[in-house]
Amino acid sequence: IVYYHASAGASGGANFAIGGRIAGNLDARADLMLVVPTYTFATPVWGGQAQISMTTVAGKMNVSAEATLTAPGGAVLSRNASDSLTGFGDLFPMASLRWNDGNHNGMAYTQVGVPVGSYQVGRLANLGTNHWSADAGGGYTYFNQKTGREFSAVAGVTYNFENPDTNYRNGVDVHLDWGASQFLSEQLHVGLVGYFYNQISGDSGTGARLGDFKSRVNGIGPQIGYLFKMGERQAYINLKGYHEFDNENRPAGWNAWFTLSIPLGSAKK
């Protein structure tokens, strides 16, 4: 179970050859709850541990926008708009395989975005994407139980299909998520987290009137995690936050994640 809060904004503008200027500002705030039921297979698959999961999203999105047009003579025309939506987002089924060799751990995954979330053409606030997507990648974790040092990195590639209502298709993007931490005790660890997002191919479709419009954004921030007993099983909570920077054609701000991992079923004897 994950609670996600984000506050981000974007601004841009352009000057006209005959004089005058148009400028716009966008502010967005999201409060979402992600529920990710996961099943782990007891029998090894290709020598690894297989998992399947389904991410569901629900929550609220608030968006406001302002546009200002300045004429060559100095006259100013300004318009404000805002929108709010409470509903459900898309579904994200995922399958993964994990391997362990002492301090070294590997992982491969594939995920699909199923466009069933709340979406309406022309709205500022939407929780659904209204298009299919496919994502695949792999990861590595180094964890030394003697020193309590841990480092993880997961890289992936996302392919987006066209939005049929807008005839717009986002380009292919690559993303890297990483985290490093030090255990201060058997239960508590602190460290840093970060991510890199970069679009490697341009947007396309008849709706892409701004051209390829490639985007990127990076983030970095602190994290803290704690392991605790829940009956005979081990549960986990984690709090992490990101400050975003070096953004292009994409909103940037900050976001925070609070994760609670609850073990279900009976404990192994």
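Whatever comes next refers back to the structure up there.
Residues numbered from 1 in each chain as written. Predicted model: local features only at pLDDT ≥ 70, side-chain atom pairs only at ≥ 80, totals over all residues. Heavy atoms only, no water.

**Some remarks on the environment of Leu260**
Summarising the element assignment, Leu260 is placed in strand E14 (residues 252-261). Given a relative accessible area of 25%, Leu260 falls into the partly exposed group. Put simply, Leu260 and Asn238 are 22 residues apart on the chain and 6.7 Å apart in space, counted from C-alpha to C-alpha. With residues near it in sequence (within four places) discarded, Leu260 still touches Ile1, Phe228, Tyr236 and Ile237. (Helix = DSSP H or I, 4+ residues; strand = E, 2+ residues; numbered from the N terminus. Buried < 20%, exposed > 50% of the residue type's maximum accessible area, 1.4 Å probe, protein only. Contact = heavy atoms within 4.5 Å.)

**Re the pairing of strand E2 (residues 21-35)**
Where strand E1 (residues 2-15) meets E2, 14 bridges bridge the pair, whose relative direction is antiparallel. For Gly13, the partnering residue across the bridge sits in E2 and is Ala23. Counting the residues that bridge the hairpin from E1 to E2 gives five residues, and of these Gly19 lies at a positive phi of roughly 105°. Bridge count between E2 and strand E4 (residues 49-70): 15 bridges; the pairing is antiparallel. If you follow Leu32 over to E4, its bridge partner there is Gly59. (Pairing = 2+ DSSP bridges.)

**Describing unusual backbone geometry**
Glycine aside, the phi torsion of most residues is negative, and most peptide linkages are trans. One non-glycine residue, Trp46, lies in the positive phi region at around 50°. Among the structural elements, Trp46 can be located in the loop between strand E3 (38-40) and E4. Here Trp46 falls in the exposed class, since its relative accessible area comes to 75%. Of note, Phe213 is a non-glycine position whose phi angle comes to about 50°, a positive value. Note that Phe213 resides in the loop between strand E11 (188-199) and strand E12 (216-230).

**Quick look at the pattern of salt bridges**
Proximity of charged atoms lets side chains of opposite charge pair with each other. Applying the stated criterion across every chain yields a total of four salt bridges. One salt bridge connects Asp83 with Arg123, and the closest N-O pair in it is separated by 2.8 Å. Note that Asp83 is positioned in strand E5 (residues 76-88) and Arg123 in the loop between strand E7 (104-113) and strand E8 (133-144), a separation of 40 residues in sequence. Of the charged contacts, one joins Arg216 and Glu248 as a salt bridge, the two residues approaching to 2.4 Å between their closest N and O atoms. You can see Arg216 sitting in strand E12 and its partner Glu248 sitting in strand E13 (residues 233-248), a full 32 residues away along the chain. Beyond isolated ion pairs, a larger network of salt bridges with shared partners links Arg216, Asp246 and Glu248. (Salt bridge = Lys/Arg side-chain N within 4 Å of Asp/Glu carboxyl O.)

**Some thoughts on the nonpolar core**
Ranked by size, the top nonpolar core spans twelve residues in total: Val2, Tyr4, Ala6, Ala30, Leu32, Leu34, Val57, Met61, Val63, Leu85, Ala125 and Leu127. Those elements giving two or more residues to this core turn out to be E1, E2 and E4. Beyond its immediate chain neighbours, meaning those up to four positions away, Ala125 contacts Met61, Val63, Asp83, Ser84 and Leu85. Val193, Tyr197, Val217 and Ala252 belong to the second-largest nonpolar core, a separate cluster that totals six residues. (Core = buried A, V, L, I, M, F, W, Y, C linked by side-chain atoms within 4.5 Å.)

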